Every structure is written in C-alpha cells, then in structure tokens.
Amino acid sequence: MQRSNSCEAYFLSLLNSTHSVTMKLAVLLCVSLLLCLSAFTAADEAYEPNCAQYANSICTRELEPVCGDNGQTYPTECILCQKNTINNQQVKVAYKGECTPV
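For the structure given in this document, a descriptive report is provided here. (Residues numbered from 1 in each chain as written. Predicted model: local features only at pLDDT ≥ 70, side-chain atom pairs only at ≥ 80, totals over all residues. Heavy atoms only, no water.)

Along the chain, the position of Gly68 falls in strand E1 (residues 66-68). On the basis of relative accessibility, which here comes to 2%, the residue Gly68 falls in the buried class. Residues contacting Gly68, with those up to four places away along its chain left out, are Tyr74, Leu80, Val91, Lys92, Ala94 and Cys99. (Helix = DSSP H or I, 4+ residues; strand = E, 2+ residues; numbered from the N terminus. Buried < 20%, exposed > 50% of the residue type's maximum accessible area, 1.4 Å probe, protein only. Contact = heavy atoms within 4.5 Å.)

Structure representation (structure tokens):
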C-alpha cells in the first residue's frame, strides 16, 4: 500500500510542478486520442436501415449509395429496404458509400 501512495503523491506533485502544463497536455492528448478511436470503432458497426420511413413510398432516383453488410452496394437505403422485403432478408447498412472490393 505504501508504494501506491508514493506513486499517487508523485503524480500529484507532477501535476502541481512547473512541468504540469506539459503533463496536462499529454493527458489531454491521450484522452482525445482515445475518444477519436472509440468514435471510429463505433462507426464501423453495421446498423439497421430505417425502413419504416420508406414503407409506403417509392424510392427516389438520387444516388446515395450504402454498402450492405453482405458486401453489396445499394443505390440508396430505400432500395436496400425494398430488397430486404422482397427477398425476406435482414441486410444491415455497413456504411454509407459504395462497398470497397476486398
């Protein structure tokens, strides 16, 4: 336990020392990096398309491609929803944009 208290005291003294600005910037940089990495990791997960908004409508002709989690590019999320209904499947949106070849 003594060692833990001495480490804590050491870090507290660093924060209060003349080098505290450097230390605080290093901590801020590390926290910022972790937040960015967690945002990218969350963005990599496939999500359910919002098919309810397209239930009673015809898909428009604009091109806003989405990549399905099956590796197929769909012109729009609406088309993906139509294909899911027609083929009785549950393809999710992996990400917005065309699928990249593996």
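Below, the discussion takes up the state of the cysteines. This model, assessed by the stated rule, comprises three disulfides. With a sulfur-sulfur separation of 2.1 Å, Cys51 is cross-linked through a disulfide to Cys81. Its S-S torsion of about -85° marks the bond between Cys51 and Cys81 as left-handed, since a negative value means left-handed. Taken together, the positions of Cys51 in the loop between helix H2 (20-43) and E1 and Cys81 in helix H3 (residues 77-87) put the pair 30 residues apart, joining distant regions of the chain. There is a disulfide in this structure between Cys67 and Cys99, and the S-S distance comes to 2.0 Å. (Disulfide = S-S within 2.5 Å.)

Turning our attention to the side chain of Glu77. In this fold, Glu77 is placed in helix H3. Despite its burial, Glu77 remains without a salt bridge, the nearest opposite charge being carried by Lys96 at 4.3 Å. For Glu77, the side chain forms a polar contact with the main-chain nitrogen of Asn50, separated by 2.8 Å. Other than its neighbours up to four places away in sequence, Glu77 contacts Tyr47, Pro49, Asn50, Gln53, Tyr54, Glu64, Val66, Val93 and Lys96. (Lys, Arg positive; Asp, Glu negative; His and termini not counted. Salt bridge = Lys/Arg side-chain N within 4 Å of Asp/Glu carboxyl O. Polar contact = N/O pair within 3.5 Å; in protein donor to acceptor, adjacent residues only side chain to side chain.)

These results come straight from atomic positions and should not be treated as a statement about function.
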